[in-house]
Amino acid sequence: MALGSFDIDAPRWDQSTFMGRLKHFFNITDWRTALLPDAKLDEAKALVDSCRAGTLPPGTTEEQLHYAKKLYDSAFHPDTGDRMNLIGRMSFQVPGGMAITGFMLQFYRTVPAVVFWQWVNQSFNALVNYTNRNAASPITPKQIGVAYVTATSTALATAVGLNLYTKKAPPLVARWVPFAAVAAANCVNIPMMRQQEILSGIAVTDENGNKLGHSRRAAVKGITQVVISRVTMAAPGMIILPIIMQRLERYKWMQRITFLHGPLQVMMVGVFLVFMVPAACSLFPQRCSMAVANLEPELRNSIVSQYGEGIRYVYFNKGL
């Protein structure tokens, strides 16, 4: 293939299948890309832009274009093309998530520790949710503040309440409290941080990218899928790891190295997240679709009046 006709925005893998999306997200959530300097990322963006403009530098290879697109997708927002903050990128989910989740699982016994680590986690989640929102729907600083406070309060109330409630419960049940708090907070944090999409709707297009209007129902569908993905992302590590740790702690050698329990859990969470971040992101297509028949009556009527029955589905970026 002549590189002059290379379509850098064409999916490298089939996005209609789970395996195709899994390969894609393994590629762009690679935690190693989070270690690269901004200058390297900007070089990748420049190459992507050159390819789109049909002005590739002489000697550019297809492998270089694929790598540049990988860096571009990992660090630049799909709606705005702006470089995302480091902590909010999906490529930072493994190093950031493994540290926070590992310590949440380790320090679950006392209320002060529960409060501190849930606050840290919700601060991290709020930044990730804001960074990966559908940027076509702006959100005000006041809305961001309300979303952050609401989600953090939900996580703390759930964690502290369950922590006190499970004092007499089996030890394993108490170890699962952090996951219950994280799941509950995700159900609040994501919709609140992206509330403007629900209130005003998100842009929907036809299959060729032509804008057709804004839909609140599309926003609800996209955000619901993101909530499911985020809970799924955290579930295996936060449910299975407590079982592993409880069994390991029965051994005397494990009891002699209690100071290593925290770092050990951080490392094990990292192993889970290396696989679960791309797997959870792959559950649903990022370019989500919705039948015109399921849209709000006013938008549906508008599309039918302009295009007849020729358009059966609309498409939109659900975010991550």
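This structure is a prediction, so every number in the text was calculated from the model and none was measured.

*Asks:* Is there a simple way to think about the overall build of the chain in this case?
*Replies:* Regarding its fold elements, the chain presents 13 helices and four strands. Rg of the C-alpha trace for the chain: 22 Å, near the compact-globule value of 20 Å for 320 residues, within the 12% margin. The principal-axis extents of the C-alpha atoms in the chain amount to approximately 65 × 50 × 35 Å. The 320 residues of the chain split such that 48% are buried. Look at the contacts in the chain between residues 6 or more apart in sequence, and 76% of them connect residues 24 or more apart. Carbon and sulfur atoms form 63% of the exposed surface of the chain, whose accessible area is close to 15,500 Å². For the chain, the distance from the average site of its 31 positive side-chain charges to the average site of its 20 negative ones is 14 Å.

*Asks:* I keep staring at the environment of Thr101 and nothing clicks. Help me out?
*Replies:* With respect to the helices and strands, the residue Thr101 is situated in helix H4 (residues 93-106). Spatially, the C-alpha atoms of Thr101 and Gly270 are 9.1 Å apart, while their sequence positions differ by 169 residues. Contact partners of Thr101, with chain neighbours within four places excluded, come to Met238 and Val269. A polar side-chain atom of Thr101 sits 2.8 Å from the main-chain carbonyl oxygen of Gly97.

*Asks:* Help me understand the nonpolar core in this model?
*Replies:* Inside soluble globular proteins, nonpolar side chains tend to come together where they are buried. Within the largest apolar cluster, 30 residues are counted, with the highest numbers of intra-cluster contacts made by Met90, Met104, Met233, Met238, Leu241, Leu273 and Cys281. Filtering out sequence-adjacent residues up to four positions away, Met104 remains in contact with Trp117, Gln118, Asn121, Pro178, Val182 and Met238. Listed in part, the 14 residues of the second largest apolar core include Ile202, Val204, Leu212 and Ile311.

*Asks:* I would appreciate a short explanation of the packing of helix H2 (residues 38-53) against helix H3 (residues 62-75) in the present structure.
*Replies:* How two helices pack is summed up by the angle between their axes together with the distance between the axes. Their axes nearest at 8 Å, the elements H2 and H3 cross at an angle of 115°. H2 and H3 meet at a crossing whose hand is left-handed. Each of Lys40, Leu41, Ala44, Lys45, Leu47, Val48, Cys51 and Arg52 in H2 lies in contact with H3, whose residues at this interface are Gln64, Leu65, Tyr67, Ala68, Lys69, Leu71, Tyr72 and Ala75. Looking at the contact of H2 with H3 residue by residue, the class counts come to 11 nonpolar, one polar and four charged.

*Asks:* How do you make sense of the side chain of Asn317 when you look at a structure like this?
*Replies:* Residue placement: Asn317 occurs in strand E4 (residues 313-317). For Asn317, a relative accessible area of 15% translates into the label buried. A distance of 3.4 Å separates the side chain of Asn317 from the side chain of Gln286, its partner in a polar contact.

*Asks:* What should I look at first to understand the state of the cysteines in this one?
*Replies:* Throughout this description, disulfide means a covalent bond between two cysteine sulfur atoms. In this structure the tally under the stated criterion is zero disulfides. Take Cys187: it sits in no disulfide, and the sulfur closest to it among the cysteines is that of Cys281, at 17 Å.

*Asks:* Sorry, what's going on with the packing of H4 against helix H5 (residues 111-131) here?
*Replies:* Two numbers describe how H4 lies on H5: the axes approach to 9 Å, and their chain directions differ by 160°. If you check the angle between H4 and H5, you find them roughly antiparallel. The hand of the H4/H5 crossing is left-handed. Counting all contacts with H4, which are made through Gln93, Gly96, Gly97, Ile100, Phe103 and Met104, the residues of H5 involved are Trp117, Gln118, Val120, Asn121, Phe124 and Val128. Split into classes, the residues belonging to the contact of H4 with H5 amount to seven nonpolar, five polar and no charged.

*Asks:* How do you make sense of the UniProt feature "transmembrane region" (unreviewed entry) in the chain when you look at a structure like this?
*Replies:* Look at the UniProt record and you will see "transmembrane region" (unreviewed entry) annotated at residues 227-245 and 266-285. Summarising residues 227-245: 100% helix, 0% strand, and an end-to-end C-alpha distance of 27 Å. Secondary structure content for residues 266-285 is 80% helix and 0% strand, while the C-alpha to C-alpha distance between its ends is 30 Å.

*Asks:* Please explain the packing of aromatic side chains as it appears in this structure.
*Replies:* To describe a pair of aromatic rings, one takes the distance between the centres and the angle between the planes. This structure, assessed with the given rule, holds eight aromatic pairs. Seen from their ring centres, Phe103 and Phe107 are 5.9 Å apart, and the 15° between their planes marks the pair as stacked. Take Phe103: its relative accessible area is 25%, and that puts it in the partly exposed class. Over the face of the ring belonging to Tyr315 we find Arg287, whose NZ or CZ atom lies 4.4 Å from the ring centre.

*Asks:* I keep staring at the pattern of salt bridges and nothing clicks. Help me out?
*Replies:* Two side chains bearing opposite charge may form a pair once their charged atoms approach each other closely. By the definition in use, this model includes 10 salt bridges. Among the salt bridges present, the one from Lys45 reaches Asp49, with a minimum N-O distance of 3.1 Å. With Lys45 and Asp49 both in helix H2, this residue pair falls four residues apart, about one helical turn. Residue Lys45 is classed as partly exposed on the basis of its relative accessible area, which comes to 24%. Residue classification places Asp49 among the partly exposed positions, given a relative accessible area of 31%. With its nearest N and O atoms 3.9 Å apart, the salt bridge here joins Arg52 to Asp49. Note that Arg52 and Asp49 are positioned in helix H2 at a spacing of three residues, about one turn of the helix. Using a relative accessible area of 41% as the deciding quantity, one classes Arg52 as partly exposed.

Rules used in this analysis
- Residues numbered from 1 in each chain as written.
- Predicted model: local features only at pLDDT ≥ 70, side-chain atom pairs only at ≥ 80, totals over all residues.
- Heavy atoms only, no water.
- Helix = DSSP H or I, 4+ residues; strand = E, 2+ residues; numbered from the N terminus.
- Rg over C-alpha atoms; globule rule 2.2 N^0.38 Å.
- Buried < 20%, exposed > 50% of the residue type's maximum accessible area, 1.4 Å probe, protein only.
- Contact = heavy atoms within 4.5 Å.
- Areas by Shrake-Rupley, 256 points an atom, 1.4 Å probe, with all protein chains shown as cover.
- Lys, Arg positive; Asp, Glu negative; His and termini not counted.
- Charge placed at Lys NZ, Arg CZ, Asp CG, Glu CD.
- Polar contact = N/O pair within 3.5 Å; in protein donor to acceptor, adjacent residues only side chain to side chain.
- Core = buried A, V, L, I, M, F, W, Y, C linked by side-chain atoms within 4.5 Å.
- Axes fitted to C-alpha atoms, helices over the stretch in contact; angles between N-to-C directions.
- Left-handed = near helix turned anticlockwise from the far one by under 90°.
- Nonpolar A, V, L, I, M, F, W, Y, C, P; charged D, E, K, R; others polar.
- Disulfide = S-S within 2.5 Å.
- Parallel < 35°, antiparallel > 145°, perpendicular 65-115°, else oblique.
- UniProt positions renumbered as here; feature names shortened; annotations may be inferred.
- Phe/Tyr/Trp six-rings, centres within 6.5 Å; stacked < 30°, edge-to-face > 60°.
- Lys NZ or Arg CZ within 6 Å of the ring centre and 35° of its normal.
- Salt bridge = Lys/Arg side-chain N within 4 Å of Asp/Glu carboxyl O.

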